[in-house]
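So you can see what is in the structure, the chains are spelled out below.
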Amino acid sequence: TVLPVLLEAGDIQVQSCEVTESRLYVKATSKNVVVPVRESRRVGDLVEAGVLITNSEIGLGSLSIKPFLHFLACTNGMVRDKLAFTKYHVGRKSDELDLVLSDATKSLEDRATLAKVRDVIKACMSMDLLNKEVELYEAAQRQQITGDVPKAVELLGETMQLSQPERSSILRHLITGGDLSRYAMMNAVTRAAQDIESYDRATELEALGGRVLDLNQKEWNRIAEAA
């Protein structure tokens, strides 16, 4: 269903794909949609627009399409949960409404879903969405951690319910990166995802990296000013 839509975007690269016990994942990016993070301290900090497509046929999730950002300088990936399109599986065999729906109506529903999928994938891989994302990164670069760094990571871990090994990994990557900005914290979280064996959990951490950007100013100040 989604492959023809991906191919329409042109010059697509599948960054990774996996079938776990619960879900199918496809993470793909477009080499044609790339923007630099101009205020980044990392040399060649370019971001590719992409898409994460997930599905579960065993009732543990919905068809989901989310923006997936690929950072070329560090090969981190970040998922943007708040911009997701989801389509929950109704379970037609057990759905009473299905008994009265005609095949023509079901076909129309499927076509409508496919049209939404097509539009969302195109939006995820658009220059417009990528430029808006990069503006957030550049703003985050100017927001520095001014308090105790280990304590800041602990508070972030409490906020996002991270395990102790995950917090240790984030702290290590934050310090070795030589940058103590909100943007760096985001990248430390997504970099920590690469240290996790479980593909499901690694993808969750890529989404938690995006949540660092979405913390309101009060929440971020509490972390950044930790003592």
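Predicted model, so just to flag it, every value in this text is computed and none were measured.

Some points on unusual backbone geometry
Okay, step 1: Positive phi outside glycine occurs at threonine 75, with the angle close to 60°.
Okay, step 2: Looking at where threonine 75 falls in the secondary structure, it is placed in the loop between strand 4 (63-71) and strand 5 (76-79).
Okay, step 3: Note on threonine 75: relative accessible area 48%, which makes it partly exposed.
Okay, step 4: Even without being glycine, glutamine 161 reaches a positive phi, approximately 55°.

A closer look at the nonpolar core
Okay, step 1: By size, the foremost hydrophobic cluster in this structure holds 41 residues, and its most contacted members are Phe71, Tyr137 and Met185.
Okay, step 2: Sort the elements by how many residues they give to this core and helix 6 (residues 182-192) lands first, with seven residues.
Okay, step 3: Excluding residues that lie within four positions of it along the chain, tyrosine 137 makes contacts with Val37, Val47, Leu69, Phe71, Met78, Tyr183, Met186 and Leu213.
Okay, step 4: Of all hydrophobic cores here, the second largest spans 13 residues; its members include Val5, Ile65, Phe85 and Cys124.

Quick notes on the side chain of lysine 66
Okay, step 1: Mapped onto the secondary structure, lysine 66 falls in strand 4.
Okay, step 2: Residue classification places lysine 66 among the buried positions, given a relative accessible area of 18%.
Okay, step 3: Not counting chain neighbours up to four residues away, the residues in contact with lysine 66 comprise Gly50, Val51, Leu52, Val79, Arg80, Asp81, Ala84 and Cys124.

What to know about the confidence of the model for the chain
Okay, step 1: When pLDDT is averaged along the chain, the result is 88, and 93% of the positions lie at 70 or above.
Okay, step 2: Per-residue pLDDT, averaged within each element of the chain, yields its smallest value for strand 6 (residues 85-87) (75) and its largest for helix 4 (residues 149-160) (97).
Okay, step 3: Note that residues 90-94 has pLDDT below 50 and, in this model, five contacts with residues that lie over four places away or in other chains.

Structural notes on the packing of aromatic side chains
Okay, step 1: A full pass over the atoms with the stated rule returns four aromatic pairs.
Okay, step 2: Aromatic ring contacts, followed pair by pair, group Phe71, Tyr137 and Tyr183 into a single cluster.

Quick word on the pairing of strand 5
In summary, the side chains of a regular strand alternate between the two faces of the sheet.
Okay, step 1: Of the two faces of strand 5, the one carrying Asn76 and Met78 and the one carrying Gly77 and Val79 are both buried.
Okay, step 2: Inspection of the sheet shows strand 4 paired to strand 5 by four bridges, in the antiparallel sense. Within strand 5, the residue paired with histidine 70 across the bridge is glycine 77.
Okay, step 3: The antiparallel pairing of strand 4 with strand 5 creates a hairpin that spans four residues between the two strands, and threonine 75 there sits at a positive phi of about 60°.

Quick word on the pattern of salt bridges
Okay, step 1: Using the criterion set out here, one finds twelve salt bridges in the structure.
Okay, step 2: The closest approach of N and O atoms between aspartate 214 and lysine 82, which form a salt bridge, is 3.5 Å. In this pair, aspartate 214 sits in helix 7 (residues 199-214) while lysine 82 sits in the loop between strand 5 and strand 6, placing the two residues 132 residues apart along the sequence.
Okay, step 3: Look at aspartate 214 and you get partly exposed, because its relative accessible area is 32%.
Okay, step 4: A salt bridge links glutamate 154 to arginine 167; the nearest nitrogen and oxygen atoms lie 3.0 Å apart.

With respect to the environment of methionine 160
Okay, step 1: Examined against the element boundaries, methionine 160 turns out to sit in helix 4.
Okay, step 2: Spatially, the C-alpha atoms of methionine 160 and leucine 208 are 7.3 Å apart, while their sequence positions differ by 48 residues.
Okay, step 3: Not counting the four nearest positions on each side in its chain, methionine 160 is found in contact with Leu208, Arg211 and Val212.

Cut-offs applied
Residues numbered from 1 in each chain as written. Predicted model: local features only at pLDDT ≥ 70, side-chain atom pairs only at ≥ 80, totals over all residues. Heavy atoms only, no water. Helix = DSSP H or I, 4+ residues; strand = E, 2+ residues; numbered from the N terminus. Buried < 20%, exposed > 50% of the residue type's maximum accessible area, 1.4 Å probe, protein only. Core = buried A, V, L, I, M, F, W, Y, C linked by side-chain atoms within 4.5 Å. Contact = heavy atoms within 4.5 Å. pLDDT = per-residue confidence, 0-100. Phe/Tyr/Trp six-rings, centres within 6.5 Å; stacked < 30°, edge-to-face > 60°. Pairing = 2+ DSSP bridges. Salt bridge = Lys/Arg side-chain N within 4 Å of Asp/Glu carboxyl O.

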